[in-house]
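Listed below, chain by chain, are the residues.
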Amino acid sequence: MSADTADGDGSEEAVADEETAADDAAADTYTVAVDRDACDGVFACLVRDDRFREDDDGLAGFDPETADALERSEASVQATFTDDRLEDARAAAAACPFDAITVETQ
Ligand code: SF4
């Protein structure tokens, strides 16, 4: 028979709205780039994010089926994603011992 609920002050609703906004923000568009001059093929990235893969030359690239777009040059490979895996990409970037991975949100 407790009457001590949060009825009427709206504070719990405000918290719920913030959580909904955070969920909506989970699907981001972002780019992940590998500097192929810096990459040394250690593949700490692949352990953190399985969208990375070993390209023909032994350096890091991306599984093309996971990306919205993929651009590759001699100097870099860049993938664009729209999903909720931004933190996986950031974890891969943090794990790279040569700081070869750059993650940018759009
Ligand atoms: S962890 Fe860094 S150096 Fe190693 S393969 Fe991935 S991008 Fe290249």
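Along each chain, residue indices are assigned from 1 in the same order as the chain's sequence is written. Under the rules for a predicted model, residues below a pLDDT of 70 receive no local features and side-chain atom pairs below 80 are neither given nor counted, while totals for whole chains, interfaces and linings still include all residues. Excluded from the side-chain calculations are hydrogens and water; all other atoms, namely the structure's heavy atoms, are used.

Asks: Sorry if this is basic, but what is going on with the site of the ligand here?
Replies: Every residue lining the ligand is accounted for by Cys39, Asp40, Gly41, Val42, Phe43, Ala44, Cys45, Ala60, Cys96, Pro97, Phe98 and Ile101. Its atoms largely coinciding with the cavity grid, the ligand occupies the largest cavity. Lys, Arg, Asp and Glu make up the charged group, whereas Ala, Val, Leu, Ile, Met, Phe, Trp, Tyr, Cys and Pro make up the nonpolar group; the residues left over, Gly among them, are polar. Grouping the amino acids of the shell around the ligand by side-chain chemistry returns 10 nonpolar, 1 polar and 1 charged. One heavy atom within 4 Å of a molecule or strand makes the whole residue count as near it. Here a cavity means grid points, on a 1 Å grid over the protein atoms only, where a 1.4 Å probe fits yet cannot get out; a pocket means an open set of points with protein on both sides within 12 Å along at least five of seven lines; lining residues are those with an atom within 4 Å of a point. Placement in a cavity or pocket follows one criterion, namely that more than half of the molecule's atoms lie within 2 Å of its grid points.

Asks: How should the packing of aromatic side chains be read in this particular structure?
Replies: Aromatic rings considered in pairs are described by the distance between their centres and by the relative angle of their planes. Ring geometry is summarised as follows: Phe, Tyr and Trp rings, the Trp one being its six-membered ring, pair when their centres sit within 6.5 Å, and such pairs are stacked at plane angles under 30 degrees, edge-to-face over 60 and tilted between the two. Scanning the model with the defined rule gives 3 aromatic pairs in all. Taken together, a centroid distance of 5.7 Å and an interplanar angle of 35° make the contact between tyrosine 30 and phenylalanine 81 tilted. With tyrosine 30 in strand E1 (residues 28-35) and phenylalanine 81 in strand E5 (residues 76-83), this residue pair connects regions lying 51 residues apart in the sequence. Relative accessibility thresholds used throughout: buried, under 20% of the residue-type maximum; exposed, over 50%; partly exposed, between the two (1.4 Å probe, protein chains only). Note on tyrosine 30: relative accessible area 0%, which makes it buried. Owing to a relative accessible area of 1%, phenylalanine 81 belongs among the buried residues under this scheme. Taken together, a centroid distance of 6.0 Å and an interplanar angle of 70° make the contact between phenylalanine 62 and phenylalanine 81 edge-to-face. Here phenylalanine 62, found in strand E3 (residues 60-62), pairs with phenylalanine 81, found in strand E5; they are 19 residues apart in sequence, far enough to count as distant. Each member of the pair, phenylalanine 62 as well as phenylalanine 81, carries the same accessibility label: buried. Put simply, the rings of Tyr30, Phe52, Phe62 and Phe81 touch in pairs and so form one group of aromatic residues. Numbered from the N terminus, helices here are DSSP runs of H or I no shorter than four residues, and strands are runs of E no shorter than two.

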